[in-house]
Amino acid sequence: MSKAFIRNIAEVEWKEFPGHFGGALSKPLVAADTSDAKQLDHRISCYQPMAYVERHTHKVQEQVYHVLEGEGLMEIAGKKQVVRRHDVIFIPPGIEHGIQNSGLTDLVFLVITTPMTDE
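Here's a quick rundown of the structure. This is a predicted model, so every value here is computed, not measured.

Estimates place the volume of the largest pocket at around 440 Å³. If you trace the largest pocket, you find 22 residues lining it, with His20, Arg43, His56, His58 and Gln63 closest to the centre. Breaking the lining of the largest pocket down by element, the ones donating at least two residues are strand 3 (41–47), strand 4 (52–56), strand 5 (62–69) and strand 10 (107–114). Element by element, the count of residues in the lining of the largest pocket is highest for strand 3, at 4 residues.

Shown next as structure tokens:
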């Protein structure tokens, strides 16, 4: 049986995951290595100005990005668009995408991914 929990984000360490560069940091709040979750991965990310994740695709995973602060450029299928506070982005499997902080302050956003792995 999975365990329920309440956790403050300050309890989770920042990580720079593979393919993330220039201060593109994330906290895996609900993930395989931080919880008993089996179906989703929930992260908060903070990208310093000029930080980015390289363009990539997922085989089966769906993702939702929810911008909380700052602004940046989201690239989806070769098209770039400015994203900022309160923008919500849905990315289905097989769509190439990436995000970069093109603003003047930190870009803070949530990333919710399901399923947890891309197999």
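Moving on from the model shown.
Okay, the sheet that holds strand 8 (residues 88–91) next. With antiparallel pairing, 5 strands are arranged side by side in an open sheet as 2-3-10-5-8. In this open sheet, the two strands that pair with only one neighbour each are strand 2 (24–30) and strand 8. Looking at each pair of strands side by side, their axes are set apart by 20 degrees on average, direction ignored. Two strands pair when backbone bridges link them, and strand 5 and strand 10 are joined in this way by 7 bridges, in the antiparallel orientation. Residue pairing for strand 10: His66 is matched across the bridge by Leu110.

Here the focus is the side chain of Asp41. With respect to the helices, strands and loops of the structure, Asp41 is situated in strand 3. Here Arg43 takes part through its side chain, which lies 2.9 Å from a polar atom of the side chain of Asp41. Not counting chain neighbours up to four residues away, the residues in contact with Asp41 comprise Val30, Ala31, Val111, Ile112, Thr113 and Met116.

Reading the values: the criteria
Residues numbered from 1 in each chain as written. Predicted model: local features only at pLDDT ≥ 70, side-chain atom pairs only at ≥ 80, totals over all residues. Heavy atoms only, no water. 1 Å grid on protein atoms, 1.4 Å probe; cavity = no way out; pocket = protein on both sides within 12 Å on 5 of 7 lines; lining within 4 Å. Points joined across faces, edges and corners; volume = space filled by probe spheres on them. Helix = DSSP H or I, 4+ residues; strand = E, 2+ residues; numbered from the N terminus. Pairing = 2+ DSSP bridges. Axes fitted to C-alpha atoms, helices over the stretch in contact; angles between N-to-C directions. Polar contact = N/O pair within 3.5 Å; in protein donor to acceptor, adjacent residues only side chain to side chain. Contact = heavy atoms within 4.5 Å.

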